[in-house]
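Report on the structure
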Amino acid sequence: KAGVTQTPRYLIKTRGQQVTLSCSPISGHRSVSWYQQTPGQGLQFLFEYFSETQRNKGNFPGRFSGRQFSNSRSEMNVSTLELGDSALYLCASSLGAGTGIYEQYFGPGTRLTVT
Amino acid sequence: SQQGEEDPQALSIQEGENATMNCSYKTSINNLQWYRQNSGRGLVHLILIRSNEREKHSGRLRVTLDTSKKSSSLLITASRAADTASYFCATDAASNFGNEKLTFGTGTRLTIIP
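We now turn to the structure provided with this report. Quick caveat: nothing in here was measured; it's all calculated off a predicted structure.

**What about the overall build of chain A?**
Each helix and strand in chain A was counted, giving zero helices and 11 strands. For chain A, the N- to C-terminal ordering of α and β elements is β-β-β-β-β-β-β-β-β-β-β. Since a compact globule built from 115 residues should have a radius of gyration of about 13 Å, the 13 Å found for chain A is in line with a globular shape. If you line up chain A on its principal axes, its C-alpha atoms span 35 × 25 × 25 Å. Within chain A, buried positions represent 52% of all 115 residues. Summing over all exposed atoms, chain A offers an accessible surface of approximately 5200 Å²; the carbon and sulfur share of this is 49%. Taken as two groups, the 11 positive and 6 negative side-chain charges of chain A have centres that lie 3 Å from each other.

Set out below in structure tokens:
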């Protein structure tokens, strides 16, 4: 079975721009969650999608949004980028809803640099 | 905010020795998971232990959970160079019922010296 894939792997953007990151879950997994990892704040939960519905959301501003498609693929969007948005963005998929309940399978991440 | 904190923040041991990492958390949990992350890459799930369990094993890994002390430990026996990585505990707070989500700790950076 193919693992979780994320595209692109690396991205450089300018402050004020917007960016869209993509995540393809493991086949059969219906839950996709997103995390931001920075040296200062560590790993922080962004949101979880299950069956095309946002099931849970972390404490991030409205500039961070996401969606999930009928094939369970997910995208996250960050608008009006700030320097502090530079981070490794990780996507994870699991069989069922609730990241705390199920084993999470992580993708390799997208390294976003905002200049 | 971080729910869990790992201790120590960094650990260096000789290959073949055992490595022990600890995780403390603040609120009651439904379960606790341990993950490994190789430098700047995705996380790999190691073990999930439920709040009513005290110990779980998986290969060279042993995880214990003490809910009265709100702490967990991860023991890696007979360490190998390939075990060099950061290790994170992640908790699902009991208050999250119906809204379960993982909150990650700060991580322990483990270095195995060949």
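**Things to note about the layout of surface pockets**
All names here are of chain A. When its volume is computed, the second largest pocket comes out at roughly 240 Å³. If you go around the second largest pocket, you meet 13 residues; those closest to its centre are Q37, T38, P39, G40 and G42. Along the lines of polarity and charge, the residues of the lining of the second largest pocket split into three nonpolar, nine polar and one charged.

**Quick look at a nonpolar patch on the surface**
The grouping of L95, I101 and Y102 of chain A at the surface amounts to a nonpolar patch, some 260 Å² of accessible area in total. The exposure class of Y102 of chain A is partly exposed, given its relative accessible area of 34%.

**A few points about the nonpolar core**
In terms of nonpolar packing, the biggest core is built from 22 residues, with M21, L32, W34, L74, I76, Y87 and L110 of chain B touching the most fellow members. For this core, the secondary structure elements donating two or more residues are β2 (10-14), β3 (19-25), β4 (29-37), β5 (43-50), β7 (61-66), β8 (71-76), β9 (85-93) and β11 (108-113) of chain B. In terms of residue count, the dominant contributor to this core is β3 of chain B (four residues). Contact partners of M21 of chain B, with chain neighbours within four places excluded, come to D7, W34, S72, S73, L74, I76, Y87, T108 and L110 of chain B. By size, the runner-up hydrophobic cluster in this structure holds 21 residues, among which are L46, F60, V78 and C91 of chain A.

**Some points on the pairing of β5 of chain B**
All names here are of chain B. In terms of burial, β5 is largely enclosed, as six of its eight residues are buried. In terms of strand pairing, β4 meets β5 through seven bridges, oriented antiparallel. Within β5, the residue paired with L32 across the bridge is I49. The hairpin turn running from β4 into β5, its antiparallel successor, is five residues long, and G40 in that turn takes a positive phi close to 65°.

Cut-offs applied
Residues numbered from 1 in each chain as written. Chains lettered and ligands numbered in written order. Predicted model: local features only at pLDDT ≥ 70, side-chain atom pairs only at ≥ 80, totals over all residues. Heavy atoms only, no water. Helix = DSSP H or I, 4+ residues; strand = E, 2+ residues; numbered from the N terminus. Rg over C-alpha atoms; globule rule 2.2 N^0.38 Å. Buried < 20%, exposed > 50% of the residue type's maximum accessible area, 1.4 Å probe, protein only. Areas by Shrake-Rupley, 256 points an atom, 1.4 Å probe, with all protein chains shown as cover. Lys, Arg positive; Asp, Glu negative; His and termini not counted. Charge placed at Lys NZ, Arg CZ, Asp CG, Glu CD. 1 Å grid on protein atoms, 1.4 Å probe; cavity = no way out; pocket = protein on both sides within 12 Å on 5 of 7 lines; lining within 4 Å. Points joined across faces, edges and corners; volume = space filled by probe spheres on them. Nonpolar A, V, L, I, M, F, W, Y, C, P; charged D, E, K, R; others polar. Patch = residues over 30% accessible without salt bridge, like charges linked within 9 Å, V, L, I, M, F, W, Y side chains within 5 Å. Salt bridge = Lys/Arg side-chain N within 4 Å of Asp/Glu carboxyl O. Core = buried A, V, L, I, M, F, W, Y, C linked by side-chain atoms within 4.5 Å. Contact = heavy atoms within 4.5 Å. Pairing = 2+ DSSP bridges.

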